[in-house]
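# Structure assessment
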Amino acid sequence: MKSLFTLLAVAAFSMVGFGQTGQDVQRYSYHVWGTVLDEESRPMLHLTVCWIPAERPINGRIPCVKIGDDGTFALTVKDIPDKYVVCASTTDSPFIFAGDPDPTHRATCSKALVFDAGDDCRKVNLKFGNAGQ
């Protein structure tokens, strides 16, 4: 009987611990927009721009958008207060693998941006550096 009570107590305690899920965390709307430029400050077209946590592991989806015909992007996400980077990539993914033999596969990212509790809008311009830098 004591073992059953201990088992039920542990189960009840575990359920309390699991009561706070990702669904319970307050999320805010963060909106970023800007332009992606090449090495000569010309707008780049048809790239992928993504929103990525700067310091914590990626857990789930990575919100991404395609750049428009004028080199601009706009991205709105609902997330928790944290540090994020906005990255542009010449591929459909924000990640370029080390040793990728294709020189056209490139990416550039913003510095870490801190988004606090509360909705926020920011302009983020990205620029590619010279290849090999």
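About the cut-offs
- Residues numbered from 1 in each chain as written.
- Predicted model: local features only at pLDDT ≥ 70, side-chain atom pairs only at ≥ 80, totals over all residues.
- Heavy atoms only, no water.
- Helix = DSSP H or I, 4+ residues; strand = E, 2+ residues; numbered from the N terminus.
- Buried < 20%, exposed > 50% of the residue type's maximum accessible area, 1.4 Å probe, protein only.
- Areas by Shrake-Rupley, 256 points an atom, 1.4 Å probe, with all protein chains shown as cover.
- Core = buried A, V, L, I, M, F, W, Y, C linked by side-chain atoms within 4.5 Å.
- Contact = heavy atoms within 4.5 Å.
- 1 Å grid on protein atoms, 1.4 Å probe; cavity = no way out; pocket = protein on both sides within 12 Å on 5 of 7 lines; lining within 4 Å.
- Points joined across faces, edges and corners; volume = space filled by probe spheres on them.
- Nonpolar A, V, L, I, M, F, W, Y, C, P; charged D, E, K, R; others polar.

### Some remarks on the overall build of the protein
A count of helical and extended segments in the protein gives one helix and nine strands. The order of helices and strands in the protein, counted from the N terminus, is α-β-β-β-β-β-β-β-β-β. Within the protein, the proportion of its 133 residues that are buried is 28%. For the protein, the accessible surface area stands at approximately 8,700 Å², while carbon and sulfur atoms represent 59% of it.

### Quick notes on the nonpolar core
Counting 20 residues, the largest nonpolar core has Val32, Val36, Val49, Trp51, Phe73, Val86 and Phe115 as its most contacted members. Looking at which element gives the most residues to this core, the answer is strand 1 (residues 28–37), with four residues. Look past the residues within four positions of Phe115 in its chain and what remains in contact with it is Tyr30, Val32, Trp51, Pro81, Asp82, Tyr84, Asp120 and Arg122.

### A word on the layout of surface pockets
Its boundaries defined by the atoms lining it, the largest pocket holds a volume of some 310 Å³. In terms of lining residues, the largest pocket is bounded by 13 residues, among which Arg27, Arg56, Asn59, Arg61 and Asp79 are the most central. Sorting the residues of the lining of the largest pocket by element identifies strand 2 (48–53) and strand 4 (72–79) as the ones contributing at least two each. Its residues assigned to classes, the lining of the largest pocket comprises six nonpolar, two polar and five charged.

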